[in-house]
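Fold and geometry: a report
These are the residues of each chain, in order.
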Amino acid sequence: MAPVEWLCELCTEILLDPVTLPCCGESFCQECLRQWTITKLEDGAQRPRCPAGCGKKIDYRLPQTSKVLRQLLESSHSAEIAERRGEAEDVTPLLGGFEAWQEVAAARDIVVGDQVYVSFGTSGVVLCNHETTHVKVKFDSVLHGTGTLNVFPAQLMPQLPRSRSACGSEQRALQIGEAVVAALNLTTGEPPVVAVPFGTPGTIVGAAVEGRIEVLFTSSSGPKRLNVQRFEIETAGELLGGFRMAQQVKACRDIYAEAILLVESGTLGQVLGEYSDTRLVVRFERRMDGSEQAVNLGPGEIEFDRKAMQQRAMTCAAISGVCAAGSALVTQPFDVVKTRMQIHCMVTSDAKSGYRYFKVARVGKTFRETMAMAGWRGLWVGSMARVVQMGLSGLLIGPLFEYAELLSNDADRPLRHPLILGEDPGRTIVHPRSTRDMFIEVKTG
Ligand SMILES: [Zn+2]
Ligand SMILES: [Zn+2]
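First things first, this report covers the structure right here in the doc. (Residues numbered from 1 in each chain as written. Chains lettered and ligands numbered in written order. Predicted model: local features only at pLDDT ≥ 70, side-chain atom pairs only at ≥ 80, totals over all residues.)

A word on the overall build of the protein chain
Within the protein chain, the regular secondary structure consists of six helices and 27 strands. Scored against the burial criterion, the 445 residues of the protein chain give a buried share of 25%. Taking as baseline every contact in the protein chain between residues at least 6 positions apart, the subset at least 24 positions apart corresponds to 55%. (Helix = DSSP H or I, 4+ residues; strand = E, 2+ residues; numbered from the N terminus. Buried ≥ 20, exposed ≤ 12 C-beta atoms within 10 Å, placed from the backbone. Contact = placed C-beta atoms within 7 Å.)

Brief notes about the sheet that holds strand E8 (residues 148-151)
With antiparallel pairing, the five strands of this open sheet are ordered in space as E8-E7-E6-E3-E9. Looking at the sheet topology across the chains shown, the edges are occupied by E8 and strand E9 (156-158). Sheet twist, expressed as the mean angle between neighbouring strand axes with direction ignored, is 45°. As paired elements, strand E6 (residues 123-130) and strand E7 (residues 134-139) share six bridges and run antiparallel to each other. Bridged to Cys 128 within E7 is Lys 136. Along the sheet, helix H1 (residues 30-42) contacts E6, E7 and E8; its crossing angle with E6, the most-contacted strand, is approximately 100°. (Pairing = 2+ DSSP bridges. Axes fitted to C-alpha atoms, helices over the stretch in contact; angles between N-to-C directions.)

Digging into the sheet that holds strand E13 (residues 201-207)
Read across the open sheet, the five strands follow the order E15-E14-E13-E10-E16; overall the sheet is antiparallel. A single partner strand is all that each edge strand has here, and the edge strands are strand E15 (222-228) and strand E16 (233-235). On average, each strand axis in the sheet is inclined to that of its neighbour by 40°, with strand direction left out of account. Judged from the three bridges that link them, strand E10 (residues 179-182) and E16 form a sheet pairing that is antiparallel. Paired with Val 181 across the bridge in E16 is Glu 234.

Observations concerning unusual backbone geometry
The phi dihedral of Thr 12 is positive, around 50°, even though this residue is not glycine. Its place among the elements puts Thr 12 in the segment before strand E1 (18-20). Among the residues examined, Thr 12 registers 9 C-beta atoms within 10 Å and is labelled exposed. Unusually for a residue other than glycine, Glu 131 sits at a positive phi of about 55°. With respect to the element layout, Glu 131 can be found in the loop between E6 and E7.

Section: the environment of Gly 25
By the element assignment, Gly 25 lies in the loop between E1 and strand E2 (27-29). Judged by C-beta crowding, with 9 C-beta atoms within 10 Å, Gly 25 ranks as exposed.

Quick word on H1
With 13 residues, H1 extends 18 Å from end C-alpha to end C-alpha; this agrees with the ideal 18 Å at 1.5 Å per step. On its buried face, H1 is in contact with E1, E2, E6, E7 and E8. Backbone geometry just after H1 places Gly 44 at a positive phi near 105°. (Expected span 1.5 Å × (residues − 1).)

No statement about biological role is implied by the geometric values presented.
Put into structure tokens, the structure is as follows:
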């Protein structure tokens, strides 16, 4: 007989697959804890309380079994463990091929009566079978009820598998139902058209072919459903330092890579994402070393500056307005001369001889005539109206050029090869650019 501290308080037998709770450090059999959790959730609790009696609520996503403790028990009490395992053998498998405590999501809206209890994409864990047709699921968020529902296996889909980034490291697993944003401009069709601009928010709604993720984006032109790759989306919400994806920022100090000045203080840029746990990726409008690549930097090196962005648009409009007005003023004499030449009486007739003479207006002569008639000021007759008109159109055209520049900068970025998928090509992303790693430059120091 095993010592009392190796017994599960719930079944008073030796611990089988022990799980240690973080609240008070007590261990229980995995199966006992699962049964405890199911009972408490069925009773209507949002979260079960610790069965050791410490009074704290525990997560229904139970901790993993304690490997060392299990090995210790299996080597020291192998006979008792083997006996318990033998008893546990004949457990019926879950319907739909699910495993107990598997992460799932609602594959459709789950309706009870005429009310939606769980909306499509909500995440949850499978608890156990319910009768012969249903499985019991604890959903993370529900519109009605406590979150524990008996559903048909077909109403569930397994959660997304873990994925690996381009450089091979494992990325944080995304969940169906999770809020994300587009990590770059997502294009569709041939020729590629930007369907979902960088920074557009969306929700993961499922897994798609070839490890792709199905996302419902809420763009300004309405909802768009696209299959994307892991690197094409980022988790929504605040990045390091409270910045957001696609946010306009300003360098608040000179940014150096070793001794080389990369970005001058005050340069505007856009946040492209997180580079690591401590650094962000920012593309600046101008780099002092002439490179176009984005820079990774600490969140303390940039600041959000709405005023600067507004000033930039105003400055741009003002400069173009002044330039247009100035050029109108400078070219005014030519306009006067041109108009005079246009209304010049070309035909004269000689009453004596009966011949008609054609006189063609000359630029130099018209200039001199105008000067003789009205002096220098005559060349600028009507200039005020023209300067005002040109100045105003300049105000409008300046920002238009600015916009065209942004578009052309965007078009400059490398395009990725389209990936052809069999069914429904309209929903396939034609990769707009290479992986993000391509335009990140690692900065040290
Ligand atoms: Zn037990
Ligand atoms: Zn406890």
